[in-house]
Amino acid sequence: MTSILFAIALGYAGLTAGVLFKARLPVSLRKAAISLGIFVVVAGAIPVLIASAFAMVGLWPQFYYGVIGHNLLPHCEPMNITLVHQGFYVLGLTAVLIIVTKVRGRVQTVSWPIIGTWITLLWGSYLFSLLSLWRMLTRQDYLPSYPLAAVLASAAIFYITES
């Protein structure tokens, strides 16, 4: 279920990077919207086909429990998302945006600010939403953030060694 959280972070990062670099985007917003629509249809086709196959053979209750139901955690007390959690989320995303805008002005290449901004926003929004809004954290929930952190660390190392 954290894949839904990652998809939301992916959309947030794309929209925010698009707003920050509106004048420097290599494609128009119309083409980007068409590409996004095609991506959503193609990415959603396989899960819909799999769910339909389970439903056609009469295994929908087992499929629902295995994919969705056990993640709802009815036996666990829901985590109280307090003002501290919400503040941590807002402050974390604000810190990520400040870092992105500071670094964006210092990097001279054309493509890196757009890609770097997107990766930084994706990593920050996923990590902070996971830490502040997710009910029950396991080690596998952090898996999408490790490759993104490695890419950001390598970019930072290259940037430091060049200057």
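Here the structure is shown first, and the text comes after it.
Residues numbered from 1 in each chain as written. Predicted model: local features only at pLDDT ≥ 70, side-chain atom pairs only at ≥ 80, totals over all residues. Heavy atoms only, no water.

**Student:** Would you explain the overall build of the protein in this entry?
**Tutor:** A count of helical and extended segments in the protein gives 6 helices and 0 strands. Order of helices (α) and strands (β) in the protein, N terminus to C terminus: α-α-α-α-α-α. Taking all 163 residues of the protein together, the buried fraction comes to 23%. When contacts within the protein are restricted to residue pairs at least 6 apart in sequence, those whose partners lie at least 24 apart make up 77%. Within the structure as shown, the protein displays about 11,400 Å² of accessible surface, and the carbon and sulfur contribution to it stands at 74%. (Helix = DSSP H or I, 4+ residues; strand = E, 2+ residues; numbered from the N terminus. Buried < 20%, exposed > 50% of the residue type's maximum accessible area, 1.4 Å probe, protein only. Contact = heavy atoms within 4.5 Å. Areas by Shrake-Rupley, 256 points an atom, 1.4 Å probe, with all protein chains shown as cover.)

**Student:** Can you walk me through the nonpolar core in this structure?
**Tutor:** Nonpolar side chains in soluble globular proteins generally cluster together in the buried interior. Within the largest apolar cluster, 14 residues are counted, with the highest numbers of intra-cluster contacts made by Val96, Leu121, Leu122 and Tyr126. Elements supplying a minimum of two residues to this core: helix H1 (2-20), helix H4 (83-106), helix H5 (111-133) and helix H6 (145-162). A total of 6 residues in this core trace back to one element, the largest contributor, which is H5. (Core = buried A, V, L, I, M, F, W, Y, C linked by side-chain atoms within 4.5 Å.)

**Student:** Explanation requested: H6 in the structure shown.
**Tutor:** Every α-helical turn comprises 3.6 residues, leaving residues that sit three or four positions apart pointing alike. Across its 18 residues, H6 extends 26 Å between first and last C-alpha, which sits within 8% of the 26 Å expected from 1.5 Å per residue. Among the residues making up H6, those that are buried are Ser145, Leu148, Leu152 and Ala155. All buried residues of H6 project into a common sector of 100° when viewed along the axis, lining one side. Turned more than 90 degrees from where H6 packs its buried face, Ile157, Phe158 and Thr161 sit exposed. (Expected span 1.5 Å × (residues − 1). Arc of directions from axis to C-beta.)

**Student:** Please clarify how the packing of aromatic side chains should be interpreted in this entry.
**Tutor:** One pair of aromatic rings is described through two measures. These are the centre distance and the angle between the planes. Enumeration according to the criterion identifies 3 aromatic pairs in this entry. Grouped by ring-pair contacts, the aromatic residues Phe54, Trp60 and Phe63 constitute a single cluster. (Phe/Tyr/Trp six-rings, centres within 6.5 Å; stacked < 30°, edge-to-face > 60°.)

**Student:** What's the story with the side chain of threonine 120 in this structure? I'm lost.
**Tutor:** Its location among the elements puts threonine 120 in helix H5. The class of threonine 120 is buried, set by a relative accessible area of 16%. When near neighbours in sequence (up to four residues on either side) are disregarded, threonine 120 contacts Val96, Val100 and Leu152.

**Student:** Quick question: what am I supposed to make of helix H2 (residues 29-56) here?
**Tutor:** The end-to-end C-alpha separation of H2 is 39 Å, in line with the 40 Å expected for 28 residues at 1.5 Å each. Of the residues one or two after H2, glycine 58 is the one with positive phi, at around 85°.

**Student:** Quick question: what am I supposed to make of a nonpolar patch on the surface here?
**Tutor:** Taken together, the side chains of Ile46, Ile50, Phe54, Met56, Val57 and Leu59 make up a nonpolar region of the molecular surface, amounting to roughly 610 Å² of accessible area. For methionine 56, the location among the structural elements is in helix H2. Overall, the relative accessible area of 71% leaves methionine 56 in the exposed class. (Patch = residues over 30% accessible without salt bridge, like charges linked within 9 Å, V, L, I, M, F, W, Y side chains within 5 Å. Salt bridge = Lys/Arg side-chain N within 4 Å of Asp/Glu carboxyl O.)

**Student:** How do you make sense of the environment of glycine 87 when you look at a structure like this?
**Tutor:** Mapped onto the elements of the fold, glycine 87 is located in helix H4. Considering only alpha carbons, one finds glycine 87 and serine 132, 45 residues apart in sequence, at a separation of 8.7 Å.

Purely spatial values, then, with no claim about function.
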